[in-house]
Amino acid sequence: MHFDSQYFIELFASGLTKGSIYALIALGYTMVYGIVGLINFAHGEIYMIGAFVFFLASSLLTVLGLPMWAMICIATAASIFWAGGYGYTVEKIAYKPLRNAPRLSPLISAIGMSVFLQNYVMLGQTEKYLGFPEVIPEFDFLEPFASTFSSSDFVIWVTTVIVMLILTWIIKFTRTGKAMRATAQDRTMAELVGINVNQIISATFIIGSALAAVGGILISSHTGSIHYYIGFIAGIKAFTAAVLGGIGSIPGAVLGGLVLGMAESFATGYFSSAYEDVFAFSLLVLILIFRPAGLLGRAETEKV
Amino acid sequence: MKFPLRNSAFFMAACCLFAFAPAAASAGDTIKIGVAGAHSGQLASYGLPTLKAVQIIAEQVNAKGGIHGKKIEVLSEDDLCKPEIAVNSAKKLISDGVDAVIGHTCSGPTSAVMPLYKEKSILVISPSATTPGLTKDKEYPNFFRTVAPDDAQAQVDVDFILDTLGAKKIALLDDKGDYGKSFIHFAKEQFEKDGRAKIVLEEGITQGAVDYSAIVQKIKRSQADVVLYGGYHPEASKIVTTMRKKRMKTYFVSDDGIRVQTFIDVAKKYAEGVYASSSKDTTSNPLAIKAIEEHKKKFGSEPGEFYLNAYTAMIVLVNAIDKADSTELSAVAKALRSEVVATPMGNVSFDEVGDATGIGYAVSKVVDGKFVEQK
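Criteria and cut-off values
- Residues numbered from 1 in each chain as written.
- Chains lettered and ligands numbered in written order.
- Predicted model: local features only at pLDDT ≥ 70, side-chain atom pairs only at ≥ 80, totals over all residues.
- pLDDT = per-residue confidence, 0-100.
- Helix = DSSP H or I, 4+ residues; strand = E, 2+ residues; numbered from the N terminus.
- Contact = placed C-beta atoms within 7 Å.
- Nonpolar A, V, L, I, M, F, W, Y, C, P; charged D, E, K, R; others polar.
- Expected span 1.5 Å × (residues − 1).
- Buried ≥ 20, exposed ≤ 12 C-beta atoms within 10 Å, placed from the backbone.

Peer 1: Before we go on, may I ask you to explain the confidence of the model for chain A in this structure?
Peer 2: Averaged over chain A, the pLDDT score is 91; the fraction of residues at 70 or greater is 97%. Ranking the elements of chain A by mean pLDDT puts helix α11 (residues 276–290) of chain A last, at 88, and helix α8 (residues 197–223) of chain A first, at 95.

Peer 1: Got a minute to help me understand the interface of chain A and chain B in this structure?
Peer 2: Put simply, an interface is often sized by how much accessible area is lost when its parts join up. The interface of chain A with chain B comprises 33 residues on the first partner and 27 residues on the second. Broken down by element, the side of chain A that touches chain B gets its largest block of residues, seven residues, from helix α1 (residues 5–36) of chain A. Tallied by class, the residues present in the side of chain A that touches chain B amount to 11 nonpolar, 15 polar and seven charged.

Peer 1: Mind showing me how you'd approach helix α2 (residues 43–64) of chain A here?
Peer 2: Residues lying three or four places apart along an α-helix face the same way, a consequence of the helix completing one turn every 3.6 residues. Residues and elements named next belong to chain A. Taking 1.5 Å of rise per residue, 22 residues should cover 32 Å, and α2 covers 32 Å from first to last C-alpha, within 8% of that figure. Here α2 lies mainly inside the structure; 16 of its 22 residues are buried. G65 occupies a position one or two residues after α2 and carries a positive phi of about 75 degrees.

Peer 1: What am I meant to see in unusual backbone geometry here?
Peer 2: Excluding glycine, most residues fall at negative phi; most peptide bonds, likewise, are trans. Residues and elements named next belong to chain B. Residue G103 is joined to H104 through a cis peptide bond whose omega torsion reads -10 degrees. Take H104: it is sitting in the loop between β3 (100–103) and α4 (107–119). Positive phi, close to 45 degrees, is recorded for H68, a residue that is not glycine. On the secondary structure map, H68 appears in the loop between α2 (44–63) and β2 (71–78). With 11 C-beta atoms counted inside 10 Å, the residue H68 sits in the exposed group. Positive phi, normally seen in glycine, also occurs at K138, with a value near 55 degrees. One can find K138 in the loop between α5 (133–136) and β5 (143–145). Taking the C-beta count within 10 Å as the criterion, K138 has 11 such neighbours and is therefore assigned exposed.

In structure tokens, the structure reads:
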């Protein structure tokens, strides 16, 4: 069979979309792990809550009759703010009191938090599937490519790149970013030189949650539906991506997300979607056999 | 030892009394109809409504003087939907001399007892046993049913795809769940048997995945005219949305797992033109409304599962015995096949293997945000 380059590009585009979303969520896992050495299993739920807040805010703003662009800006800001608030609160309630406890305790409280947030949204909002507003317009200049990738795919890629650039800037050049890197390297030492470690940990949770919220908004708008359970599978996949890339490493999370998304997409395209997950997780096992710390786990000395 | 002995003696006497009681009644000229199914246990909610439906109609017929002057006598046997118990229930009904049986409730027990009834030439009409083989294997000329077999839904979709849409290339998709997989399994068999269309793609998707664009690209590449999907609405709405965003005009046909308003509410404009099969809508049938009213009046509650199926079974049985003026199997079976009877489930007759024509599934299409049944 001859090589179909058009088909390859289509699968690549679909992998890039999935990978971008995984990467956005994986960043939250990896940043938190880098600083407090904790797997925040409630992170997938923050992604779901971000999408829900956007859904509620945009419904509310539509009633007020605001123009589309203003609605998107305000609803996104509300969603990021809210998700950040949830991330902050989850850390204060479930993880801070356990910071010096054995490693398993915060893990269990993280799982508890995840279950709690799912049920909280189910009971507080709805257990039904809801249609998500189509906030990403169909761009005319992308029409020639519509059969390969949609406008929402394009927006997901662009947004992800912008968000990554902002994140890199925060970590490399701001005082908070420097303090975060210092805390990740040695928490006690950072405290000794006058860094307010509690504040830095909170900032990490807030930034991670904001990224997850952006991912939640993008994917819900892309697929057009929302449900209280969407965070679970996305969270598991993003966690896998973070481990794949080397947990604790920021470029690793992005690379891991993209590798996982591509693996799933090409497995579906060239083999069978029935084995999509089998393929993705076999890849994970293989990579971890040869690089136990993940793709960029140790090569990167900078751990944030 | 004294009391138990006396008790058992008393018990035996009681048994004799009860054993002779129906025999005594049958001395009069009655038509005995057995109702066998789950009347207790976990699955009672599937079996009890059948008993109630039969009782309601028996009462009505008896109030009007019976069938050609013979009253209907209802004999009920509980089989708990367990094959081993069903065999005893069937033997009991046979020894009581039933003329026909409405039941059994579940497919397993029904398959287990059919040889017994066949040997004694007793007519059986099940309101709820859906295993395709009961009719399609053509083993039991005494078996009829007023419920669509498991593969009927797939059959309706397959016929619609081949005849109405005229599709030549089919993509089969399921959600790897029990329901979706068996639906697609039956559809595949029927496509292969028919041979008019080619299956170009067969895939199982992961439920709850973040995005389905890779599988949608694969469908596009297969150049299928139709996607037949077995599963539920959450995944279906994501797949349809992705397909339409990629400007694909491929038909999307599915099962009753997506025939809910939520599907349209979620997929919005992308749901337009999607086809889904489901049980024919009988809510506006005046006979169905009447049957439900009768249940409320007699039992003070809404009827349960398979009530209308059982009600229909009893109506066609009474009509067939009336027309045949006999309870002899071949005469009644002939009447069942030739008569078209107005029932709560529409105008019902039976084909040569015993499946009801007129009962079953229909294909609906999404038009302006609503499912509209296609003629």
